[in-house]
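Single-letter residue listing:
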Amino acid sequence: MLPARGHAIALWDDGLVTDTTRRDGSAVRWHRALPGAGRWLADHEATGVLRLLGDGVLAVITPERVAAYRLADGDLRWTVPTRPGCRFVPARAVRHGAVLLIARPCPAEDRWTAGLVAVDDLGVVTPNRAPAADGRRGERHSAEHPRPGKVVAPPR
């Protein structure tokens, strides 16, 4: 269970995530199923699976993927699958400011940085990334196209 302002988020052992009204618990706002997570949740503790990110986003970390949902309505914002041979370790995720660092051990990888993934409310943190398509934070939509209008020729 993860309490948040006005929300009570629960992860059930069958892999269902629910957001319930925290005031009295009488209404479920939204629910989402985590594909393939039921068996893993039954075999392991769910420590660190639910993490709040900035700007009203919930990250759900399973060994196969990280998925982010908007708290207001449960809308899927982004997903990050793990690489072949690697697995996310939810219990070893750590917050550093607005960024969540998630352990992703990769036995075949030599670089220590390959064992970490940094995410925030917009997704994977990379140098010079563009914001989400809704253009939050007043940033440009992409470096190649400074105007967010239509990039192709206008219709005839």
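Every chain begins its residue count from 1, and numbering advances along the sequence as written. With the structure being a predicted model, the display of local features is reserved for residues of pLDDT at least 70 and the display and counting of side-chain atom pairs for 80 or more, all residues being used for whole-chain, interface and lining totals. Each side-chain value is worked out from all heavy atoms of the structure, with water and hydrogens disregarded.

A. How the structure looks around the overall build of the protein. In DSSP terms, a helix is any run of H or I states spanning at least four residues, a strand is any run of E spanning at least two, and both are numbered starting from the N terminus. Looking only at helices and strands, the protein features 1 helix and 12 strands. Listing the helices and strands of the protein from first to last along the sequence gives β-β-β-β-α-β-β-β-β-β-β-β-β. The buried label applies to any residue whose accessible area, calculated with a 1.4 Å probe on protein chains only, is under 20% of its type's maximum; exposed applies above 50%, and partly exposed to all values in between. Considering the protein as a whole, with its 156 residues, one finds that 37% of them fall into the buried category. Counting only contacts in the protein whose residues sit at least 6 apart along the sequence, the fraction spanning at least 24 positions is 32%. Between two residues, a contact is recorded if the distance between any of their heavy atoms is within 4.5 Å.

B. Structural detail: the sheet that holds strand 3 (residues 16-21). Pairing is antiparallel across the open sheet formed by 4 strands, whose spatial order is 1-2-3-4. Two strands bound the open sheet, and with one partner strand each, they are strand 1 (2-4) and strand 4 (28-33). The mean inter-strand angle of the sheet, taken between neighbouring strand axes irrespective of direction, is 15 degrees. Bridge count between strand 1 and strand 2 (residues 7-11): 3 bridges; the pairing is antiparallel. Counted as the bridge partner of Ala 4 is His 7 from strand 2. When DSSP finds at least two bridges between two strands, those strands are taken to pair. Axis definition: a line fitted to C-alpha atoms, over the contacting stretch in the case of helices. Angles run 0 to 180 degrees between N-to-C directions.

C. Broad picture of the pattern of salt bridges. Each reported salt bridge corresponds to a side-chain nitrogen of Lys or Arg within 4 Å of a carboxyl oxygen of Asp or Glu. On inspection of all chains with the given rule, the structure shows 5 salt bridges. Of the charged contacts, one joins Glu 64 and Arg 87 as a salt bridge, the two residues approaching to 3.3 Å between their closest N and O atoms. One end of the pair, Glu 64, is in the loop between strand 6 (57-61) and strand 7 (65-70); the other, Arg 87, is in the loop between strand 8 (76-81) and strand 9 (89-96), with 23 residues separating them in the sequence. Classification of Glu 64 by relative accessible area gives partly exposed; the value is 29%. One network of salt bridges, with partners in common, ties together Arg 70, Asp 73, Asp 75 and Arg 77.

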